[in-house]
Protein chains: 2
Amino acid sequence: MRFAVLVSGSGTNLQALLDAEGRGELAPARLVVVVSNRPDVRALDRARAAGKPAITVDHKAFAGREAFERALLAELAIHGVEAVVLAGFMRVLTATFIGAFPQRIVNTHPALLPAFPGTDAAGQALAHGVKLTGMSVHFVDAGVDTGPIIAQRAVRVLPGDDAAALQRRIQAEEHRVLPRVVQALAAGRITCEGRRVLIAPAGASLDDADELL
Amino acid sequence: MRFAVLVSGSGTNLQALLDAEGRGELAPARLVVVVSNRPDVRALDRARAAGKPAITVDHKAFAGREAFERALLAELAIHGVEAVVLAGFMRVLTATFIGAFPQRIVNTHPALLPAFPGTDAAGQALAHGVKLTGMSVHFVDAGVDTGPIIAQRAVRVLPGDDAAALQRRIQAEEHRVLPRVVQALAAGRITCEGRRVLIAPAGASLDDADELL
């Protein structure tokens, strides 16, 4: 499964994917191109350092969302992309783009969806006063963080937390879980029944599947 | 802290409180009366079996919510109640009732609020396809399951779960956490800063507080 990572910023989730691939943990997934909608971001440096094509498709250079997405789709087609990982990608995608990769676009979100969708999820969680928040990897649909959920991990809110400290601990879980989801997707182990997503075990043990879920 | 438990049904959370009190784990909290808004429910039998006053204030016997709550408040006053635990109590309380016990009414809800408020939280979680749900103990305000959150625990959704199986595992967490919250409330260890609820450690170790949170 040839996949692209779409980024907008520092690219720590991209780095987790690059590191996992370097350890041979993503196969049969293969990261073939990194695309940023903003020029000169750190994520592009990370991609180049790992020897990956690193491309900018600047959304500001296009008249509208449709033109931007067409340019994006063209770059992905050039690289033979079959699946897309959004890793801190800050543009909402339209049904046109999403329809080009049915159940092959995943996003990681720093909250236990459906709680705290949208931006600043860690700040939202702190403001609401929850004791547990976490992260979710989900299929992307036309809503904001509303697609079927593939994997979730809980992260405890600690008494002295500010949004930055909480965000760091959430990201540590994202870095651990996102590569495992990409591998499972590539291996054909992920299936949807309506909104319920099932992950078949990698080996013989059902316990492994539970752990991944 | 003399507290009442309000119930509507089988009373498994009430039983957890009775058992914890029997083991000496609730002091300085003391359960002084159990009130049901429905007659002949199992929770009332549980209360009587533990030697507690078990009273029915049937909401259907009153012309409206206000009259019902006045009768309820009268029973609580007769028993010198200082705090109220809602344990499967299926009536929404008005600001009048809530105002009588400021930051002294807690509810347990079978989901990780703010996700899945209202009825059938386990069914809602399954229908949404989350991988993690859980339970929340929170202060009661005039909304439905919207008050400041005191404690939360995560419960994993398993591949073969139906709502009943998931609900049972969530309830097991409720039975463990609710008595600890009641003890902490009685001991004056729970404070609110806006929506953020802090629980001071019972002993010297901050780790204990983290665990309770």
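Keep in mind that what you see is a predicted model, and the values were worked out from it rather than measured.

S.K.: Please provide a residue-by-residue account of the overall build of chain A, values included.
M.R.: Looking only at helices and strands, chain A features 7 helices and 9 strands. A compact globule built from 213 residues should have a C-alpha radius of gyration of about 17 Å, and chain A, at 17 Å, falls within 12% of that. Overall size of chain A, expressed as C-alpha extent along the three principal axes, is 45 × 40 × 35 Å. Here chain A holds 213 residues, and 52% of them are scored as buried. Accessible surface computed for chain A: about 8,700 Å², of which carbon and sulfur atoms make up 52%. Counting 23 positive and 22 negative side-chain charges, chain A places the centres of these two groups 2 Å from one another.

S.K.: Report on the domain arrangement of chain A, specifying residues and quantitative values.
M.R.: Residues and elements named next belong to chain A. We note that the domain assignment places domain 1 (1-102) and domain 2 (108-136 + 145-213) within chain A. Distance from the C-alpha centre of domain 1 to the C-alpha centre of domain 2: 20 Å. Tallying the contact residues gives 15 residues for domain 1 and 12 residues for domain 2. Both faces combined, the contact of domain 1 with domain 2 buries some 1,100 Å², and carbon together with sulfur accounts for 72% of it. Breaking the side of domain 1 that touches domain 2 down by element, the ones donating at least two residues are helix H1 (12-22) and strand S4 (83-86). Per element, the largest residue contribution to the side of domain 1 that touches domain 2 is 5 residues, and it comes from H1. Residue composition of the side of domain 1 that touches domain 2, by class: 12 nonpolar, 2 polar and 1 charged.

S.K.: Account for the interface of chain A and chain B, naming residues and giving values.
M.R.: Taken residue by residue, the interface counts 30 residues in chain A and 30 residues in chain B. A combined buried area of about 2,600 Å² lies between chain A and chain B, and 57% of that area is made up of carbon and sulfur atoms. On the chain A side of the interface with chain B, the three residues burying the most area are A:His128, A:Lys131 and A:Arg196, jointly 25% of the side's total. Applying the counting criterion to the chain A and chain B interface returns 9 residue pairs in polar contact (both at pLDDT 80 or more). At the level of secondary structure, the elements contributing two or more residues to the side of chain A that touches chain B comprise helix H5 (121-128), strand S7 (149-156), strand S9 (196-199) and helix H7 (206-212) of chain A. Here the side of chain A that touches chain B gets 7 residues from one element, more than from any other, and that element is S7(A).

S.K.: Could you give an account of helix H3 (residues 65-78) of chain B, with specific residues and numbers?
M.R.: Residue and element names in this part refer to chain B. Relative to the 20 Å expected for 14 residues at 1.5 Å per residue, H3 spans 20 Å between its end C-alpha atoms, a close match to the ideal helical length. Listing the buried residues of H3 in full gives Phe-68, Glu-69, Ala-71, Leu-72 and Leu-76. Looking straight down H3, one finds its buried side chains confined to an arc of 160°; they lie on one side. Turned more than 90 degrees away from the buried face of H3 sit Glu-66, Arg-70, Ala-77 and Ile-78, all of them exposed. Buried residues belonging to H3 abut strand S1 (2-7), strand S2 (30-36), strand S4 (83-86) and helix H4 (95-99). Positioned one or two residues after H3, Gly-80 has a phi angle of 65°, which is positive.

S.K.: An account of the packing of helix H1 (residues 12-22) of chain B against helix H6 (residues 163-186) of chain B is requested, with residue identities and associated values reported.
M.R.: All names here are of chain B. As a packed pair, H1 and H6 sit with axes 9 Å apart at the nearest point and diverge in direction by 50°. The angle between H1 and H6 falls in the class oblique. The two elements H1 and H6 meet at a crossing, and its hand is right-handed. Contact with H1, carried on its side by Thr-12, Asn-13, Ala-16, Leu-17 and Ala-20, involves Gln-171, Glu-174, His-175, Leu-178, Pro-179 and Val-182 of H6 and no other residues of that element.

S.K.: Mind laying out the side chain of A:Asp145, listing which residues take part and the relevant values?
M.R.: Residues and elements named next belong to chain A. Structurally, the position occupied by Asp-145 is in the loop between strand S6 (132-139) and S7. Side chain to side chain, Asp-145 and Asn-107 meet in a polar contact 3.3 Å long. Once residues lying within four places of it in the same chain are set aside, the contact partners of Asp-145 are Asn-107, His-109, Leu-113, Pro-117, Gly-118 and His-138.

S.K.: Could you give an account of the relation of the copies chain A and chain B, naming the residues involved and the relevant values?
M.R.: Note on the copies: chain A fits chain B at an RMSD of 0.0 Å, the axial shift is 0.0 Å, and the rotation between them is 180°. Read as a symmetry element, the transformation amounts to a two-fold axis. Taking C-alpha positions as reference, the residue of chain A nearest the rotation axis is A:Ala115, located at 2.7 Å. When the interface residues of chain A are mapped onto chain B, 100% of them are again interface residues, pointing to one common binding face.

Cut-off values and rules
Position labels on residues start from 1 in each chain and follow its written sequence. Chains and ligands are labelled sequentially in the order written, the chains with letters from A and the ligands with numbers from 1. For this predicted model, a pLDDT threshold of at least 70 governs which residues receive local features, and a threshold of 80 or more governs which side-chain atom pairs are given and counted, while totals over whole chains, interfaces and linings are taken from all residues. Calculated side-chain values reflect all of the structure's heavy atoms, with hydrogen atoms and water omitted. Helical segments are the DSSP runs of H or I of at least four residues, strand segments are the runs of E of at least two, and each set is numbered from the N terminus. Note that the radius of gyration is over C-alpha atoms, with the globule rule given as 2.2 Å times the number of residues to the power 0.38. Type-normalised accessible area, obtained with a 1.4 Å probe on protein chains alone, sets the label of each residue: buried when under 20%, exposed when over 50%, and partly exposed for intermediate values. For the accessible areas, the method is Shrake-Rupley and the probe is 1.4 Å, while residue cover comes only from the protein chains on display. Charge assignment: positive for Lys and Arg, negative for Asp and Glu; neither His nor the chain ends contribute. By convention, the charge on Lys lies at NZ, on Arg at CZ, on Asp at CG and on Glu at CD. The split into domains, and so the bounds of each, comes from an automatic or database assignment of domains. Note on definitions: a residue-residue contact is assigned when non-hydrogen atoms from the two residues lie within 4.5 Å. Once two parts are brought into contact, the accessible area they lose, counted with a 1.4 Å probe and summed over both, makes up the buried area. For this scheme, ten residues count as nonpolar: Ala, Val, Leu, Ile, Met, Phe, Trp, Tyr, Cys and Pro. Four count as charged, namely Asp, Glu, Lys and Arg, and the remainder, Gly too, count as polar. Polar contacts, as used here, are pairs of N or O atoms within 3.5 Å; protein pairs need one atom able to donate a hydrogen and one able to accept it. Residues neighboring in sequence count only if both atoms are side-chain atoms. Take the number of residues in a helix, subtract one, and multiply by 1.5 Å to get its expected span. Regarding the arc, it is the one traced by the directions from the helix axis to the C-beta atoms. Angles here are taken between N-to-C directions and fall from 0 to 180 degrees, while the axes themselves are lines fitted to C-alpha atoms, restricted in helices to the stretch in contact. The cut-offs work like this: below 35 degrees is roughly parallel, past 145 is roughly antiparallel, 65 to 115 is roughly perpendicular, and the gaps in between are oblique. We call a crossing left-handed when the near helix sits turned anticlockwise from the far one by less than a right angle, and right-handed when that turn is clockwise. When the copies are superposed, the least-squares fit takes in the C-alpha atoms of residues with a pLDDT of at least 70 in both.

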